[in-house]
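# Coordinate inspection notes
Residues per chain, in single letters:
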Amino acid sequence: MFPLEKKKQTFALDIGTRTVVGVMLEEIENKKVIKKIYALEHKDRAMLDGQIHDITAVSQVIQEVKNALEADFGPLDKVSVAAAGRSLKTEKAQAHLPISGRVLQKDDVIHLELMAVQKAEQTMKEKFKEVNTEYFCVGYSVLYYYLNGEKIGNLVDQQGEEASVEIIATFLPKIVVDSLTTAVNRSGLEIGALTLEPIAAIHVLVPPSMRRLNVALVDIGAGTSDIAITDQNTIVNYGMVPIAGDEITEAISDQFLLDFPLAEQAKIELAAKDEIVIQDILGFESTLSRDEIIEAISPTINDLAKRIADEILQLNGLKAPKAVMLIGGGSLTPNLAEKIANELNLPKNRVAIRGVDAIQNITFEDEVKYGPELITPIGIAVSADKNPIQYRSVQVNNIPVRLFELKQLTVGECLLQAGMKMSQLYGKPGLAKIIMVNGKSMTLSGQLGSPPILQKNGIDCSIDDVVSDGDSIVAKRGEDGKEAAMTIKDLFDNTENTYIIDGKSYSVKPKIVVNGNTVSPDYLVKDKDQITVQEPKTISDLLSIVNLSHKLKGIEPFYIQINSREIHIPAFSGKVLKNNLEVSLNSPVKSGDILQFVETYEPTLEELAITQNWQLQYSVPINFNGEEIFLYENITQVYKNGQLLKANERIRNGDHLIVEFKKFEQFIFQDVFRLVDFQLPNEAGKYEILINGEDASFDHPIQPGDKLEIKWIGVKN
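Residues numbered from 1 in each chain as written. Predicted model: local features only at pLDDT ≥ 70, side-chain atom pairs only at ≥ 80, totals over all residues. Heavy atoms only, no water.

Here the structure, examined in full by the defined rule, presents ten aromatic pairs. With 6.5 Å between their ring centres and 45° between their planes, Phe669 and Phe673 make a pair best called tilted. (Phe/Tyr/Trp six-rings, centres within 6.5 Å; stacked < 30°, edge-to-face > 60°.)

Enumeration over the complete set of coordinates arrives at 16 salt bridges. A salt bridge links Glu121 to Lys125; its shortest N-O distance comes to 3.7 Å. Residue Glu121 and its partner Lys125 are both found in helix 2 (residues 106-127); the two are separated by four residues, about one turn of the helix. By relative accessible area, which is 11% here, Glu121 ends up buried. Here Lys348 makes a salt bridge to Glu338, at a shortest N to O gap of 3.5 Å. Separated by ten residues along the polypeptide, Lys348 in the loop between helix 8 (336-343) and strand 18 (351-353) and Glu338 in helix 8 bring together distant segments of the chain. (Salt bridge = Lys/Arg side-chain N within 4 Å of Asp/Glu carboxyl O. Helix = DSSP H or I, 4+ residues; strand = E, 2+ residues; numbered from the N terminus. Buried < 20%, exposed > 50% of the residue type's maximum accessible area, 1.4 Å probe, protein only.)

Attention shifts here to a negative patch on the surface. A cluster of acidic side chains, namely Asp274, Glu275, Asp291, Glu292 and Glu295, defines a negative patch on the protein surface. Looking at the negative patch element by element, the count peaks at three residues for helix 7 (residues 290-315). Among the secondary structure elements, Glu292 is positioned in helix 7. Overall, Glu292 belongs to the partly exposed group, its relative accessible area being 44%. (Patch = residues over 30% accessible without salt bridge, like charges linked within 9 Å, V, L, I, M, F, W, Y side chains within 5 Å. Areas by Shrake-Rupley, 256 points an atom, 1.4 Å probe, with all protein chains shown as cover. Lys, Arg positive; Asp, Glu negative; His and termini not counted. Charge placed at Lys NZ, Arg CZ, Asp CG, Glu CD.)

Attention now goes to the side chain of Thr230. With respect to the helices and strands, Thr230 occurs in strand 13 (residues 225-231). Excluding anything up to four places from it in sequence, Thr230 contacts Ile202, Val206, Arg211, Leu213, Asn214, Val215, Ile235 and Val236. (Contact = heavy atoms within 4.5 Å.)

This paragraph deals with unusual backbone geometry. Residues other than glycine seldom take positive phi values, yet Asp157 does so here, at roughly 70°. Turning to its location among the elements, Asp157 is positioned in the loop between strand 9 (150-152) and strand 10 (162-173).

As a further point, take the environment of Val215. With respect to the helices and strands, Val215 occurs in strand 12 (residues 215-220). Judged by its relative accessible area of 6%, Val215 is buried. Separated by 496 residues in the primary sequence, Val215 and Lys711 place their C-alpha atoms 120 Å from one another.

Turning to the sheet that holds strand 13, a few remarks are in order. The five strands lie next to each other as 14-13-12-17-18, forming an open sheet whose pairing is mixed. The sheet is open, and its two borders are formed by strand 14 (234-241) and strand 18, each paired with just one other strand. Across the sheet, the mean angle separating the axes of adjacent strands is 20° when strand polarity is ignored. Where strand 17 (residues 323-327) lies against strand 18, three bridges are found, and the strand directions are parallel. Within strand 18, the position partnered with Met325 by the bridge is Ala352. (Pairing = 2+ DSSP bridges. Axes fitted to C-alpha atoms, helices over the stretch in contact; angles between N-to-C directions.)

Our focus in this paragraph is the confidence of the model for the protein chain. A residue-level look at the protein chain finds 93% of positions with pLDDT of 70 or above and a mean pLDDT of 83. Across the protein chain, the element-wise mean pLDDT spans from 60 in strand 4 (residues 47-48) up to 94 in helix 8. Ignoring residues within four places in sequence, the model shows residues 1-5, a span with pLDDT below 50, making four contacts including any to other chains. (pLDDT = per-residue confidence, 0-100.)

The periodicity of an α-helix, 3.6 residues per turn, causes residues three or four places apart in sequence to face the same way. Along helix 4 (residues 197-205), eight of the nine residues are buried, which leaves the element largely enclosed by surrounding structure. Taken together, the buried positions of helix 4 are Glu197, Pro198, Ile199, Ala200, Ala201, Ile202, Val204 and Leu205.

Taken together, the five strands give an open sheet; going across it, the order is 33-32-41-39-40, and neighbouring strands pair in mixed fashion. The sheet is open, and its two borders are formed by strand 33 (565-568) and strand 40 (643-644), each paired with just one other strand.

Only one face of strand 15 (residues 275-279) is covered, namely the one carrying Ile276 and Ile278; the face carrying Glu275, Val277 and Gln279 has none of its residues buried. The pairing of strand 15 with strand 16 (residues 285-289) spans five bridges and is classified as antiparallel. In the strand pairing of strand 16, Ile276 is matched with Leu288. The turn joining strand 15 and strand 16, which pair antiparallel and follow one another in sequence, is formed by five residues; a positive phi near 95° is taken by Gly283.

Time to look at the packing of helix 7 against helix 8. Here helix 7 crosses helix 8 at 50°, and the two axes come no closer than 9 Å. With respect to helix 8, the element helix 7 is oriented oblique. In the packing of helix 7 onto helix 8, the handedness of the crossing is right-handed. Between helix 7, through Ile301, Asn302, Leu304, Ala305, Lys306, Ile308 and Ala309, and helix 8, the contact on the second element is made entirely by Leu336, Lys339, Ile340 and Glu343. (Parallel < 35°, antiparallel > 145°, perpendicular 65-115°, else oblique. Left-handed = near helix turned anticlockwise from the far one by under 90°.)

Looking at the element boundaries, Asn214 is found in the loop between helix 4 and strand 12. Engagement of the side chain of Asn214 in a polar contact is seen with the backbone oxygen of Thr230, the distance being 3.1 Å. (Polar contact = N/O pair within 3.5 Å; in protein donor to acceptor, adjacent residues only side chain to side chain.)

Here we take up the packing of helix 5 (residues 245-256) against helix 6 (residues 260-270). One way to put it is that helix 5 packs onto helix 6 with a least axis distance of 8 Å and a crossing angle of 110°. The angle between helix 5 and helix 6 falls in the class roughly perpendicular. Packed against helix 5, whose contacting residues are Gly245, Asp246, Ile248, Thr249, Glu250, Ile252 and Ser253, the element helix 6 presents Phe260, Ala263, Glu264, Ala266, Lys267 and Leu270 at the interface. The residue inventory of the contact of helix 5 with helix 6, partitioned by class, reads six nonpolar, three polar and four charged. (Nonpolar A, V, L, I, M, F, W, Y, C, P; charged D, E, K, R; others polar.)

Judged by side-chain polarity, Leu257, Ile281, Leu282 and Phe284 come together as a nonpolar surface patch covering roughly 460 Å² of accessible area. Mapping Ile281 onto the fold places it in the loop between strand 15 and strand 16. On the basis of relative accessible area, Ile281 is assigned to the exposed category, the value being 58%.

Here is the structure:
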């Protein structure tokens, strides 16, 4: 027998929806021994989803459990209890913050998140307004950050017009703790330690050394499935799915016409037997295989798995945790662990059922069969006095505020519990001005308000600084921003534009007209001002402003009339080049553009003929008596004002031309005499006509390259 002074006895109660479980734990020289477990079902529906609805009825069951254990262990006056995880309530909310002109800091982002938490709390109060109670935020997770309406990974150091956040927050109603305390007190007990069921379960299954891992613990009971998430060395969130083991029981009942208690028994037997004998409500008895029953209820199992997986993702920032632990009687549902793994895209061995054998350094003297349904009751006994919910008292602007410390409390959480509107702690932005610029409305935002001034115990602090019991917090609203104040030169960055025209630089200042009057760049813009910015929009506008309109005359299109038909010839037309690309005079211009004006060109007749595919002459090269010459014939004749034009004469824009085309006739030998002066000798004799050394005549046709000769043969006396 151990000395009495070395014994430490703990009486713990798990007050559930269907049963109250009492646990007696004895700690002897750092060894924990479960001496006895006693469970008793509620006689009536005194509790719904973890909330006590009939305090008297619940206290009677507590009294009976207490009496049963006192028979073995003597008088009991203090008890460790837990607020049910299923009592937690979750809510999504969004918050928005205008940030124009500001680089977001960490405090700004936390402030934005707490604004969303406060909105979620307000939504909770509206949903449950018939229950006048306070809500304590026990955790929240960020689902999405947004910048200018687009999702973004992190808001710190970002700039834009608006930042927003969407969160999911979890709350514990104060009424749950109050009703739990009352029921315990009516049973002649005093609460020695209070915790949350998920905290108790996590404490015995996930020690602090493991909480740096992102793990989900799911307690699947009768009416609800309670979820807790660990990450970064703490418990980051809690949640609940309002379906659990009873849905599986109801599915068996519906499929096989069983009374609910018989369906519950059949569900329990599924975990251990291959065949189950059932008797339906009509009295027929049948034997079913385990696989038959599982197949019949598989849609319900699938739905439960999906609902649990979806809630885990929501609580964990829309990503799967590293592992999932399942406890509670409902965790024994066949194939449930595998289906949850599939829904989360996790390997099968990352989702597992954990029983009391997973609790380290504990032994059992009781003969009760221990399964995963007893993790939470044992966890309450083992850990309630080590991780109790503490009440903390702080001063916020000299007003006392009491809070549950479920985790480390921050300045921001104290401000929330004090009822301070987070959205009103920042100074108001200065008044905006609405003006019209070139017919379009423009809003000039006022200066943003400054962040709140926060102090803890007289020292400047941050919104996420940790607070301790007795701390004094002062929160002062930030200063309001000043109204929008902008001059014309602030409003329009490009107060002077530069253009290059035919290699010369020209600077043009926009003309600013406000309410019909020209103003200087230092003019301070007023609300409702009508502003017109007069600056060159097109190349034509620019030429007019810089007094180069005369260039328009030099770049006219080139038109002439040919045989009474007007034609346009782009090759000789004037053109405008902007940044080396041909454009029209209506092309828009901007500062830095390079413009070149190519004037209209007056071509020669020969140049015009090339563009029109005219052949002015036909020529043939020949050799005559050893001399290279060309025979030519004008086959296209162009007249202007009745005068035949030569090939080198200029054609002017707008000229009227008459063009005649002659039919070409082949050259003959005698055509040579149009180009050469050939005289026959004044002496007796005769001549020979030769083409390429062959006899020919004066009307003999000739070909290009022919060799022509006239040989004189004198007569000897």
